[in-house]
Amino acid sequence: MPRHADTPRDLKAEDLPYRPCVGIMLINAEGLIWVGNRIQEVDTGSPLTWQMPQGGIDKGEDAATAALRELKEETGTDKAEILGETEGWLNYDLPEHLIGVALKGKFRGQAQKWFAMRFTGKDDDIDIAADAHQEFSEWAWLPIGELVDLIVPFKRGVYEQVIAELGKYAVPAG
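My aim in this report is to walk through the structure given alongside it, one point at a time. (Residues numbered from 1 in each chain as written. Predicted model: local features only at pLDDT ≥ 70, side-chain atom pairs only at ≥ 80, totals over all residues. Heavy atoms only, no water.)

1. Let's talk about the overall build of the protein chain
A count of helical and extended segments in the protein chain gives three helices and eight strands. Scanning the protein chain from its N terminus toward the C terminus, one meets helices and strands in the order β-β-β-β-α-β-β-β-β-α-α. For the protein chain, with 174 residues in total, the buried portion stands at 45%. For the protein chain, the proportion of contacts with a sequence separation of at least 24, taken over those separated by at least 6, is 76%. Just so you have it, the protein chain exposes about 8900 Å², and 49% of that area is on carbon and sulfur atoms. (Helix = DSSP H or I, 4+ residues; strand = E, 2+ residues; numbered from the N terminus. Buried < 20%, exposed > 50% of the residue type's maximum accessible area, 1.4 Å probe, protein only. Contact = heavy atoms within 4.5 Å. Areas by Shrake-Rupley, 256 points an atom, 1.4 Å probe, with all protein chains shown as cover.)

Here it is, written out as structure tokens:
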């Protein structure tokens, strides 16, 4: 797929940094994972639009604090406790046609620290329209085995790593 018409022709992925980011594997009492159907601001070239909550780390913010903030912004709830996190940072690269377009055109992809969190509330506590910048059009609880097939192809490697490291938490509570 060709690059966006507004993308400078000499812009190369390797000239851009990774965006520091967090991701959240929110697990309910049945061991299911929260996913949202992302409202697309940029055409990724894929019909797959589901993902777990994720977002950038603000200046001066630690990753755990960012994860709890992003959870609240994207799902409308803070009813969760951190169970664990990935050992290191997981990177993904944007496909060439999204360089200079996605992530405000400033990044080559994201370096993500992922957190497993146990949802401690009720489904009624989730409100994807609570934040002024709504990220998702709908949401669902899904078995962990269905996640990778729903994500855009360029993020699948990260999802496989997240599941390998944090999947042990995706079990019924108690």
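2. Let's talk about the nonpolar core
The biggest cluster of nonpolar side chains holds 24 residues, and the ones touching the most others in it are M25, I33, M52, W114, Y159 and V162. Of all the elements in the fold, those that place two or more residues in this core are β1 (18-27), β2 (33-38), β6 (90-93), β7 (109-119), α2 (147-150) and α3 (156-166). At four residues, the largest contribution of residues to this core is made by α3. With residues up to four places along the chain from it excluded, the contact list for M52 reads I24, M25, I33, W34, V35, W114, F136, L147, Y159 and V162. Counting 16 residues, the second largest nonpolar core, distinct from the first, contains I24, A67, I126 and F136. (Core = buried A, V, L, I, M, F, W, Y, C linked by side-chain atoms within 4.5 Å.)

3. Focus on the pattern of salt bridges
The final tally for this structure, using the stated rule, is six salt bridges. The shortest N-O distance in the salt bridge between R69 and E70 comes to 2.9 Å. Neither R69 nor E70 differs from the other in exposure class; each is buried. Here E85 ties to K113 by a salt bridge, and the two come within 3.3 Å at their closest N and O atoms. (Salt bridge = Lys/Arg side-chain N within 4 Å of Asp/Glu carboxyl O.)

4. Details of α3
Turning to α3, its buried residues number three or more, namely V158, Y159, V162 and L166. The buried residues of α3 all sit within an arc of 100° when viewed along its axis, so they share a single face. Residues of α3 that are buried sit in contact with β1, β3 (50-51), β5 (80-85), β6, β7 and α2. (Arc of directions from axis to C-beta.)

5. Details of the environment of S137
Mapping S137 onto the fold places it in strand β8 (residues 136-142). Overall, the relative accessible area of 45% leaves S137 in the partly exposed class. Separated by 101 residues in sequence, S137 and G36 place their C-alpha atoms 7.2 Å apart. When neighbours within four sequence positions are excluded, S137 is seen to be in contact with N37, I39 and I128.

6. Observations regarding the packing of aromatic side chains
Summed over the entire model, instances satisfying the criterion amount to six aromatic pairs. Seen in terms of ring centroids, W114 and Y159 are 5.6 Å apart; in terms of plane orientation they differ by 75°. Their pairing is edge-to-face. You can see W114 sitting in strand β7 and its partner Y159 sitting in helix α3, a full 45 residues away along the chain. Comparing W114 with Y159, the two get one shared label, buried. An aromatic cluster of three or more residues is present, and its members are W34, F119, F136, W139 and W141. (Phe/Tyr/Trp six-rings, centres within 6.5 Å; stacked < 30°, edge-to-face > 60°.)

7. Topic: the pairing of β7
Of all eleven residues that make up β7, eleven are buried, and the element is covered over most of its length. Here ten bridges tie β1 to β7, and the two strands are oriented parallel to one another. Residue pairing across strands places R19 opposite Q110, the latter belonging to β7. Examined bridge by bridge, β5 and β7 share five bridges and lie antiparallel to one another. Within β7, the residue paired with A80 across the bridge is F119. By the bridge criterion, four bridges tie β6 to β7 in an arrangement that is antiparallel. Bridging from a neighbouring strand, D93 pairs with G109 of β7. (Pairing = 2+ DSSP bridges.)

Geometric values such as these leave the question of function open.
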